[in-house]
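# Structural characterization, general
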Amino acid sequence: MAAFGSGAFGALPRSGPAERVAISGGGLCGWLAACLLARHLPHLRIVVHPASADEETRPDRSLGVPLAAEVLLPGDLEHIAAAGLRGGDLIRHCRGSFMLGTALTGWRAAGGPAFVPFGEIGAPLGPVPFHQIVAAARARGHDVNMANYALGALCAQTGRFAPPRSDDASVLSTLSFGLAVESDALRRLLRDDALAHGVQHGEAVADPASLCAAADLVIDARGAPEAWSENGGEQGGEDWSALMPFDRALVAKRAEPGTPPPPPPPYAHLSALAEGWQGFVPLAGAMTETLVFAAAAPPAEVTGALPEAHRLAPGRSAAAWQGAIVRMGAAAQQHDPVAGLQLHLALADVVRLIALFPANADCAVEAAEYNRQWRERSDCAFDYTVLRLARNGAKGAVWDRLRAAALPHRTAYRHDLYAANGRIALHDGEVFETPGWVMQFEALGIRPRRPDALAMTVPDMAITAHFEAIRKAMLAGVAKLPPHGAVLAEVCA
Amino acid sequence: MANSALAAAEGGHPGAGEGAQAPVGSVVIVGGGTAGWMTAAALANRLAGLPVTITLVESDEIGTVGVGEATVPHIRFFNARLGIDEADFMRRTNATFKLGIEFVNWGRKGDSYIHPFGAHGEPIEGVAFHHIWARYRRAGGTEPIEAFSLPVLAARENRFAHPAPDPASLLSTYSYAYQFDAALYAAYLRSYAEKRGVRRIEGRVIAVDQDGESGQVRRLTLDDGREIGGELFVDCSGFRGLLIEQTLKTGYADWSHWLPCNRAVAVPCASAGPLSPYTRATALDAGWQWRIPLQHRTGNGHVYCSSYISDEAAAETLLARLDGAPQAEPRFLRFLTGKRHRQWNRNVVAIGLSAGFLEPLESTSIHLIQLGIGFLMDLFPTREWDPMLAREYNRLMDLEYERVRDFLILHYHATERADTPFWNYVRTMRVPDSLAERMTAFRERGIVVNYRDGMFLDASWVAVYAGQGIVPRRSDPRAEGLSDAGLFIKLASLREDYARMAGELPQQARFLEMIGARMDMRAPEGVA
């Protein structure tokens with residue numbers, strides 16, 4: 001742990017509750033922090049300082065790659081609601097579209113596209129988890145598509161979806177969903193809300209350390225530094241480019257043709273290319289697109305667009321909170337956005353700061369705990385992202401090199417354990433629980449070498465009956481749902 | 001339950017796998033105490049559909065330790081999975097209900113607090129209750145945190161009823177466990193396991209054969225010359241670790257510098273007074289005393305450190321402090337706190353005292369057995385013996401042991417006691433960094449460091465911190481913003497609600513009768 005309150009980061013000037021918060025960077029990350037802090041901790045006096053006078057005209061790199069659309073995971077929506085923001089407002093003002101998961105094309109060597117849904121898959125049979133039942137069925141020669149037993153995947157296939165009602169006791173109550181939102185519209189929504197809750201605009205300031213004189217706590221939300229090892233002179237920053245080798249991203253948004261435009265599909269789409277990957281996140285009336293690759297070996301079709309590409313520098317700093325400065329979002333860490341976690345990680349930072357907000361100028365204890373939790377979440381996001389990039393079946397030289405690369409111990413362990421017997425090793429700070437990991441491994445073409453012994457105790461007939469019962473209940477539930485587009489239209493009406 | 005339906009399913013073992021892919025076909029459990037019979041019963045239940053033979057070798061000559069007569073709530077899931085009826089099980093093991101543990105003289109002489117199976121208070125505007133309570137104390141409030149706990153208030157008056165299923169009810173704010181006769185519990189599970197095909201062999205192991213190449217245990221030789229071969233061996237032989245240590249030389253991590261107690265003396269005595277639904281742990285000069293009330297008697301013991309007190313003095317101290325007449329000669333035990341470096345080594349899995357020892361201050365012994373069994377089921381080996389299974393088993397068990405260890409150390413270290421050399425040692429010793437950081441976080445800011453795995457959740461840590469005199473120096477700023485007047489009114493009304501609800505619960509003895517769990521005093525001990 002770095003020394004706290006050291007000269008480099010500025011000791012807090014006085015004792016007593018921290019009340020003056022200065023936020024450096026008026027991008028999505030900065031306004032997200034401002035809005036949620038103002039709503040949860042109304043005693044704070046918060047000022048948002050742009051990182052430069054022309055910040056408004058520059059791409060917003062505060063979360064990492066300036067994606068045209070960001071995704072809120074199912075758990076994130078609870079944090080948004082807890083702050084008093086309404087999901088309906090996000091849909092209305094940010095061209096919001098419900099998200100049930102991600103379709104992956106080209107990530108496994110054989111077997112076609114895969115769907116990674118949010119939420120549970122199937123149901124356990126007694127003490128045996130569903131994915132182990134599937135492994136047993138496959139060991140007995142049955143061909144099972146796990147996504148057929150995920151409600152989110154069935155909704156995505158049929159284009160039907162509505163948020164479950166709280167009094168619904170049917171299978172639909174297990175439906176887990178996120179939300180895709182237009183990044184810039186979300187930034188404006190959060191900014192307006194923050195201003196309405198007393199947050200103030202400040203002058204442009206290039207160096208957050210200079211804000212320490214007039215604030216008790218400073219949030220650095222300016223986005224990733226040029227290089228992690230030279231981040232403000234700190235030691236111990238990590239460069240992740242060996243396992244996240246893509247360093248360029250092109251982003252685009254285009255309006256969907258038609259009047260009215262077709263309803264957005266309730267899922268994202270991710271294709272592995274020979275030189276990188278391409279992602280599509282739908283919004284109401286628009287489709288956003290991201291193309292990620294290495295500058296050294298770009299796809300032929302983008303060579304002309306290279307100068308427009310945004311830089312991507314995966315890595316993280318040694319500690320997010322040092323002295324009186326808390327680095328949030330991409331200022332603290334940047335992952336390849338292939339797992340769609342940019343907004344999630346920044347929101348987790350803000351929620352964590354609210355829970356640990358210093359009651360006193362001496363905030364070493366809060367900082368230590370914040371950094372511990374931040375690192376755990378960061379490690380888990382790293383593992384999830386790196387396994388998607390380096391243990392897939394995609395075709396291309398860059399993928400071959402990634403598959404040959406050595407993984408950090410914990411990352412490799414997760415893969416090796418699942419490959420051995422389908423167990424998921426979960427750690428503190430997970431973004432995804434067991435189903436999320438299982439479906440990712442499925443989508444990458446990784447299957448357990450042998451099923452769980454307990455699963456093999458289940459007779460074939462019982463498995464078949466279990467599969468049928470789940471499928472029947474799910475299809476009946478989905479049939480009752482309205483088309484996704486109709487629900488969005490209703491929210492916006 | 002679905003699993004009993006599976007167990008009942010007929011029709012062989014379709015596609016259970018061939019050769020190396022097949023689960024191991026024979027399990028040999030060495031030792032028939034609580035660990036051995038819990039393992040046998042759980043395996044017999046959960047492997048019912050597999051072609052596995054389960055054999056348990058035990059010798060009547062070798063006594064069992066009968067670890068932990070007090071349990072934690074997880075035991076109910078273990079019993080439920082076996083399909084055990086609560087009232088029947090309680091009658092046959094002379095069991096009582098348990099709402100928590102009372103700690104006497106730990107933080108300071110004269111202190112008493114109960115660590116309940118349940119949370120204190122309720123969050124106010126999203127802020128955890130202990131922040132609110134700390135703020136209330138700093139504003140001059142005098143109530144201890146346990147005044148805001150239904151199970152504590154009920155326990156103090158010897159009252160008990162099952163928790164309510166309705167989450168809106170205050171009666172849903174607690175859980176419960178049992179206090180039972182561990183020897184009778186083992187006998188109960190033995191009868192269960194034998195009915196389900198577990199073969200019990202009486203005999204003493206005098207030789208162990210290993211495979212020359214892999215080092216795996218292949219065969220046991222008994223004192224009468226019989227040989228017992230097996231594929232998976234579960235070592236439930238107790239402290240000595242017949243297979244895991246004496247045969248495989250696995251090695252042991254010694255934690256006695258943090259938990260220096262290394263002996264215990266135990267004696268049952270006659271019951272006196274109403275049946276209390278809690279265990280009591282009273283800190284003494286060089287260790288502590290347990291008191292576990294069962295239906296027919298009270299279990300007592302003195303856990304101590306031999307560097308600070310002699311065996312004779314320890315026994316005398318215990319005998320002088322019994323509620324009723326002693327019912328047996330005092331029995332002495334020796335142990336070394338710590339854990340086996342690898343609880344799963346080659347084809348041997350150590351469960352129970354052979355895996356490690358953590359003193360029963362928080363009734364963790366049976367829970368650690370239960371965890372070991374659960375992980376073994378989840379990671380049940382095939383004949384290829386994939387090394388990932390043992391690695392994951394050891395990773396998970398190491399985490400559990402280390403986290404229980406830290407929680408136990410907290411009880412000794414968070415003290416003001418300076419009245420004996422023993423307390424001076426534990427109060428001033430250097431504790432593991434993992435614990436030091438946690439204690440600082442709570443003391444300074446009321447942060448309860450949370451984790452995914454590990455049996456003790458936030459509420460338990462708060463109970464012990466607060467019970468042993470650690471009031472956070474500052475709270476969540478949202479709690480700081482509350483007005484004194486509002487705070488006192490809110491807490492007074494909460495306290496009244498808890499006290500009223502607790503007062504409405506029946507006495508435990510009455511409740512045992514109501515549900516038909518009262519032991520039949522005329523029946524002989526043992527299982528029919």
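All names here are of chain B. Predicted confidence across chain B gives a mean pLDDT of 92, with 94% of residues reaching 70 or more. Within the model, pLDDT remains below 50 along residues 1-17, and this stretch shows 39 contacts once partners closer than five positions in the same chain are excluded. Contacts for the low-pLDDT stretch residues 522-528, under 50 throughout, to residues beyond four places or in other chains number six contacts. Our summary of model confidence lists the complex with pTM equal to 0.93 and ipTM equal to 0.91.

Size of an interface, as often reported, equals the accessible area lost when the parts are brought together. Residues and elements named next belong to chain B. Taken domain by domain, chain B consists of domain 1 (24-69 + 181-253 + 341-401), domain 2 (96-180 + 432-510) and domain 3 (263-334). Relative to domain 2, the C-alpha centre of domain 1 lies at a distance of 37 Å. With 11 residues of domain 1 in contact, the opposing surface of domain 2 contributes six residues. Where the side of domain 1 that touches domain 2 is concerned, the elements lending two or more residues are α7 (182-195) and α11 (387-413). When the residues that make up the side of domain 1 that touches domain 2 are grouped by side-chain class, the tally is five nonpolar, two polar and four charged.

Turning to the packing of helix α10 (residues 409-421) of chain A against α11(B), a few remarks are in order. The packing of two helices is summarised by the inter-axis angle and the distance between the axes. For the pair α10(A) and α11(B), the least separation of the axes is 9 Å and the interaxial angle reads 125°. By the angle between their axes, α10(A) is oblique relative to α11(B). Where α10(A) crosses over α11(B), the handedness of that crossing is left-handed. Contacts between α10(A) and α11(B) involve A:Asp416, A:Leu417, A:Ala420 and A:Asn421 on the former and, on the latter, B:Met388, B:Leu389 and B:Glu392. A per-class count over the contact of α10(A) with α11(B) returns four nonpolar, one polar and two charged.

Turning our eyes to something else, we now look at the interface of chain B and chain A. Listed by partner, the interface residues are 44 residues for chain B and 35 residues for chain A. Elements supplying a minimum of two residues to the side of chain B that touches chain A: α1 (2-8), α10 (365-378), α11, α13 (433-445) and α15 (477-480) of chain B. By residue number, the principal contributor to the side of chain B that touches chain A is α13(B), which donates five residues. Tallied by class, residues from the side of chain B that touches chain A come to 20 nonpolar, 11 polar and 13 charged.

With that out of the way, let us pick up the packing of helix α2 (residues 34-46) of chain B against α10(B). All names here are of chain B. It is at 10 Å that the axes of α2 and α10 come closest, and there the two elements cross at 35°. The handedness of the crossing between α2 and α10 is right-handed. Residues Thr34, Ala35, Met38, Thr39, Ala42 and Arg46 of α2 form the contact with α10, whose own contacting residues are Ile366, Ile369, Gln370, Ile373 and Met377.

With that settled, consider the nonpolar core. All names here are of chain A. Of all hydrophobic cores here, the largest spans 309 residues; its most connected members are Leu32, Ala33 and Ala34. In terms of residue count, the dominant contributor to this core is helix α8 (residues 364-390) (13 residues). In this view, Ala33 contacts Ile23, Ile219, Ala221, Met328 and Val350; residues no more than four positions away in its chain are not counted.

Residue and element names in this part refer to chain B. As summarised here, the arrangement of the six strands in space is β7-β2-β1-β11-β20-β19, forming an open sheet in which the pairing is mixed. Every interior strand has two partners, whereas the edge strands, β7 (199-202) and β19 (344-345), have only one. Note: strand β2 (residues 53-58) against β7, four bridges, orientation parallel. Paired with Glu58 across the two strands is Glu202, which belongs to β7.

Read from one edge to the other, the open sheet built from three strands follows the order β10-β16-β19 (chain A), with strand pairing classed as antiparallel. Every other strand in the sheet has two partners, leaving β10 (238-239) and β19 (333-334) of chain A as the edge strands with one partner each.

Criteria and cut-off values
Residues numbered from 1 in each chain as written. Chains lettered and ligands numbered in written order. Predicted model: local features only at pLDDT ≥ 70, side-chain atom pairs only at ≥ 80, totals over all residues. pLDDT = per-residue confidence, 0-100. Contact = placed C-beta atoms within 7 Å. Domains from an automatic or database assignment. Helix = DSSP H or I, 4+ residues; strand = E, 2+ residues; numbered from the N terminus. Nonpolar A, V, L, I, M, F, W, Y, C, P; charged D, E, K, R; others polar. Axes fitted to C-alpha atoms, helices over the stretch in contact; angles between N-to-C directions. Parallel < 35°, antiparallel > 145°, perpendicular 65-115°, else oblique. Left-handed = near helix turned anticlockwise from the far one by under 90°. Core = buried A, V, L, I, M, F, W, Y, C linked by C-beta atoms within 7 Å. Buried ≥ 20, exposed ≤ 12 C-beta atoms within 10 Å, placed from the backbone. Pairing = 2+ DSSP bridges.

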